[in-house]
Amino acid sequence: MEINDYQKKAMTTLNPSLSKKEVLVNGVMGLNGESGEVIDLVKKHLFQGHDLDKERLVKELGDVAWYLVECAYALDVELEEVFSKNLEKLKKRYPNGFEEEKSMKRKD
Ligand SMILES: [Mg+2]
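Criteria and thresholds
- In every chain, residue numbers begin from 1 and rise along the written sequence.
- In view of the model being predicted, local features appear only for residues whose pLDDT reaches at least 70, and side-chain atom pairs are presented and counted only at 80 or more, with totals across whole chains, interfaces and linings using the full set of residues.
- Lines fitted to C-alpha atoms define the axes, with helix axes restricted to the stretch in contact, and inter-axis angles between N-to-C directions lie between 0 and 180 degrees.
- Here a helix means four or more residues in a row that DSSP labels H or I, a strand means two or more in a row labelled E, and each is numbered from the N terminus.
- By the definition adopted for this analysis, an angle is roughly parallel if under 35 degrees, roughly antiparallel if over 145, roughly perpendicular if from 65 to 115, and oblique otherwise.
- Rotating anticlockwise by less than a right angle from the far helix to the near helix defines a left-handed crossing, while the corresponding clockwise rotation defines a right-handed one.
- Note that Gly is not counted as nonpolar here; it falls among the polar residues with everything else outside the nonpolar set of Ala, Val, Leu, Ile, Met, Phe, Trp, Tyr, Cys and Pro and the charged set of Asp, Glu, Lys and Arg.
- Residue pairs qualify as contacts under a 7 Å threshold applied to their C-beta atoms, which are placed from the backbone.

A. Inspection of the packing of helix α2 (residues 20–47) against helix α3 (residues 54–74) at higher detail. Contact geometry for α2 and α3: axes closest at 8 Å, N-to-C directions at 160°. Taken together, α2 and α3 sit at an angle that is classed as roughly antiparallel. In the crossing of α2 with α3, the sense of the turn from one axis to the other is left-handed. Class assignment for the residues of the contact of α2 with α3 results in 14 nonpolar, 4 polar and 7 charged.

Shown next as structure tokens:
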């Protein structure tokens, strides 16, 4: 599946009555809420003796993806652009791959 295809398909399940501003707010809130669900699964695994529920983790990461797409949609940006710009930033930051020293001396 292509990245932008996912965005188009995912956004067919967006509430059509929301304004763009509401879509952005819903997206940011959802992104943080779903990230919290991911954190909770890992927390329970690390500190409460639970097995790591990989299947559920994958589903929650999918929920994170949906809200990421919603945020991009609210900004009229394709997901591919979000990913490309992130890769450009990382390439500048770590041109030879991750380096601890470059991480510590980051300016951005
Ligand atoms: Mg969820």
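B. View of the environment of G27. Tracing the backbone shows G27 in helix α2. Distance in space between the C-alpha atoms of G27 and C71 is 5.0 Å, their sequence separation being 44 residues. Beyond its immediate sequence surroundings of up to four residues, G27 is in contact with Y67, E70, C71 and A74.

C. Up close: the packing of helix α1 (residues 3–10) against helix α4 (residues 79–93). Orientation of α1 relative to α4, taken along the N-to-C sense of each, is 135°, at an axis distance of 8 Å. Between α1 and α4, the angle is such that the two are oblique. Together, I3, N4, Y6 and Q7 of α1 and L79, E80 and F83 of α4 make up the contact between the two elements. By residue class, the composition of the contact of α1 with α4 is 4 nonpolar, 2 polar and 1 charged.

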